[in-house]
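Residues per chain are reported as follows:
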Amino acid sequence: MNLLPKTREEFAQTDYWNEFFKKRGEKAFEWYGEYLDLCDHIHKYIKPVDKILMLGCGNSKLSMDMYDSEYRDITNIDISPVAVKKMLEQNARTRPDMKFLQMDATAMTFPDESFSVALDKGTLDALFVDDAPETKAVVENYFKEILRTMRNGGRYFCVSLLQEHILNFLVEFLPRHNCMLRIVHCLGVEQANKEKNADDAMKMPVFVVIATKFKSLPMPILEFGLGNDKMQRFTESSELSNAVRSVQKAALVFNGLARSSIAGHDEVTLDLYRASENTPRYSIYILDQAAARGLNKYAAFIVPQGREIEWLFGTPSGRKKLQASANFQRLAVVTLHRDQVYNTLEEVQAELGDTVFSLAPHGHIKQIPYLSLGSDVGKRETLISGFSKISGEFRIEEVEAGGKTLRRLIFLSNQFVVQSEALVKTIKIKGKKERKKIDFGYLACQHHLYMSVGVQLATTLQNPKKDVQKDVLVIGLGGGGLCSFLHAALPQSRITAVEIDPIMLEVAEQYFELKQDKRFHVVIDDGLAFVERCRNEDIHFDAVLFDVDSKDLSLGMSCPPQGFLAHDVLLHIKEIIGPKGLFMLNLVCRDETLKTEAIANLQKVFPAVCSYKLEEDINEVVYCANDEKYKTVEHWQKAMGTAGRGLNTTIKEHKLASEDPLEVAEFLSELKL
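Remember, predicted model here, so these are calculated numbers, not experimental data. (Residues numbered from 1 in each chain as written. Predicted model: local features only at pLDDT ≥ 70, side-chain atom pairs only at ≥ 80, totals over all residues. Heavy atoms only, no water.)

A. Broad picture of the sheet that holds strand β19 (residues 435-439). Judged by pairing direction, the sheet is antiparallel, and its five strands sit side by side in the order β15-β16-β17-β18-β19 without closing on themselves. Each edge of the sheet is formed by a strand with only one pairing partner; in this case those strands are β15 (379-388) and β19. In this sheet, adjacent strand axes meet at a mean angle of 25° when their direction is disregarded. Of the strand pairs in this sheet, strand β16 (residues 392-401) and strand β17 (residues 404-411) are connected by eight bridges, and their pairing is antiparallel. Bridging across to β17, Glu398 finds its partner in Arg407. Sitting on the sheet, helix α15 (residues 502-511) is in contact with β15, β16, β17 and β19, with an inclination near 25° to β16. (Pairing = 2+ DSSP bridges. Helix = DSSP H or I, 4+ residues; strand = E, 2+ residues; numbered from the N terminus. Axes fitted to C-alpha atoms, helices over the stretch in contact; angles between N-to-C directions. Contact = heavy atoms within 4.5 Å.)

Printed below as a string of structure tokens:
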């Protein structure tokens, strides 16, 4: 039996409702939830002493349940005489004080200010079937009657889906008629529908609208709340509308995920905000894999603070690997944002509970397991917030990850990428307080290790004697981690770092303990201009490194900026490194066409080009030489093998690490022309 209308216009027709209630018989029809689903909101805004008008009661049990919960002064009206007759017959003996009247809510016969509450559960949605002028006229009469029969300080309590034309009307009409307007997302109805595992569960979020009547208001009062959270107050009606629409858009995602699997497709991402904030508090990545024997159904994985940038949690491929190891058909990976306060893992789970529940696959009503790396939410401390004219806002922060304390430089324009990272050690000095010290032997970025192998090779090509210093040019300083490592690990090197942003030098010196001396100095200059000047002045380097990021995040190649691979720039580098030098660059490119073009540009200038692709990153270290003997991968492997073993040795000699940081055999096997 088709009990729901096929077209929206039927909602406003008396004949439809008469036929509907005849078909429905004695079975109550609860449009937007039952009393138990709505009682938290009802008890908050409606008191037992209130004189209540139930608008469009139909055969809903809501007024009966309220009567049984000590709300005794309830007058029910409905346009359908069939519904009113049925309700009178059903309640005459058990609820003798409750009134049922057949009446048109747009032309009521009650005296002015008869009621303190007007309760509307779906009636507005039934009346306001479209945005036509004649429909709006009916709705305006409806509200004028409600306000006429309502006392000052009285409340209009409405349960609605808030379709766009209804929402637009309410945020304009009610404040204009001196009503404080509050809209609350009613999670109870949606949760009840899902727990019932109903195939016909409501697909749209349900809202409670509370409009309080005043004689006059000097300015509009507009508020929004998510469940029982603290209300957010707005000054503009558009802000209130946007808050409602964001919940509605999320509901479309929730319903789609509830009824279908995205296995074989890209993950779905949601950002979660507190109602009173404009920056996200959580990001959730939803992944599905095909059903298989032994797979559990659904879980949520909470990533501790500061760990979200790691490959396993910060990349789609990493999260797929996490899902496979966790052994769940659906996994919701939750990351925690900076500038937010998280106290305990239990509090985070409670805060996420409703959303995680909404993301469960259809039919999953069991308790949802929460996974993490430990029993807490991790620790993130901001040491400084700064601003650079070149890079914009940045942060220096310390995080605890895997038993280590890491200090990081983050550009907020690309805050899921760590620009620089250093390991912080705590040094105990007898008789003094403990102090923190940067460990220069720690290389956070794996591509820096493979670039260092190239530097080791370049500085031993012409003269392997340790007392002969070789010149190394690094374009791009950041926090100085790579330069500080090269300075400590390769004492035969003289390092010149070029950094366009003077703020970055201050950051490196003050927070990453970078120190300049006779073997290491920093030049504040444009990297390309410096390269051109070196070429013009016949200044040579044994190794040149490009480790520069692009500020234009819209491009498919984020490192280096495309201008650094221009033909004339590469020709300058070719002259600067001479016949025995080496040029290295960190290539980060998601666009295969751009990547192919970049490699082709390098091959046009340098006789020998070789690369190493990092396994868990999109970084690729590219090595370029003028010496034609490096045209074969075998020669690269032989030279890099010697350099890699030499780097491991010197690192241990200078007590920068106790074990070999470089897996030489694996590195050599992945080198390619």
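B. Quick peek at the sheet that holds strand β9 (residues 232-234). Pairing is mixed in the open sheet, where nine strands are placed in the order β3-β2-β1-β4-β5-β7-β6-β8-β9. Looking at strand neighbours, the two that pair on one side only are β3 (99-102) and β9, the edges of this open sheet. Adjacent strand axes in the sheet meet at a mean angle of 20°, parallel and antiparallel pairs treated alike. The sheet contact formed by strand β1 (residues 52-55) and strand β4 (residues 115-121) spans four bridges and is parallel. Counted as the bridge partner of Leu53 is Ala118 from β4. Sheet strands touched by helix α7 (residues 164-176): β5 (150-160), β6 (179-185), β7 (207-213) and β8 (222-226). Its angle to β6, the strand with the most contacts, is close to 150°.

C. Molecular detail of the pairing of strand β22 (residues 520-524). Taken together, the five bridges between strand β21 (residues 493-499) and β22 define a ladder with parallel strand orientation. Each bridged residue has a counterpart across the sheet, and for Thr496 the counterpart in β22 is His521. As for the winding sense of the linkage, the β-α-β connection from β21 through α15 to β22 is right-handed. (Right-handed = clockwise from strand over helix to strand, strands pointing away.)

D. Structural detail: empty space enclosed by the protein. Using the criterion set out here, one finds four cavities of 30 Å³ or more in the structure. Glu421, Ala422, Ile438, Asp439, Phe440, Tyr442, Gly479, Gly480, Gly481, Ser484 and Phe512 together form the lining of the second largest cavity. Breaking the lining of the second largest cavity down by element, the ones donating at least two residues are β18 (418-427), β19 and α14 (481-489). Here the lining of the second largest cavity is built from residues that sort into five nonpolar, four polar and two charged. (1 Å grid on protein atoms, 1.4 Å probe; cavity = no way out; pocket = protein on both sides within 12 Å on 5 of 7 lines; lining within 4 Å. Points joined across faces, edges and corners; volume = space filled by probe spheres on them. Nonpolar A, V, L, I, M, F, W, Y, C, P; charged D, E, K, R; others polar.)

E. Main features of the confidence of the model for the protein. Of all residues in the protein, 89% have pLDDT values of 70 or greater, and the mean over the chain is 84. Low pLDDT, under 50, characterises residues 1-12; the predicted model gives this stretch 25 contacts beyond four residues in sequence or across chains. Considering only residues more than four positions removed or in separate chains, one finds that residues 198-202, a stretch of pLDDT under 50, has twelve contacts. (pLDDT = per-residue confidence, 0-100.)

F. Geometry of the packing of aromatic side chains. The full count for this structure, using the stated rule, is 16 aromatic pairs. Here the aromatic rings of Tyr630 and Trp636 are separated by 4.8 Å at their centres, their planes lie at 45°, and the arrangement is tilted. The two residues Tyr630 and Trp636 agree in class, both being buried. It is Arg72 that lies over the ring of Tyr67; its NZ or CZ is 4.6 Å from the centre. (Phe/Tyr/Trp six-rings, centres within 6.5 Å; stacked < 30°, edge-to-face > 60°. Buried < 20%, exposed > 50% of the residue type's maximum accessible area, 1.4 Å probe, protein only. Lys NZ or Arg CZ within 6 Å of the ring centre and 35° of its normal.)

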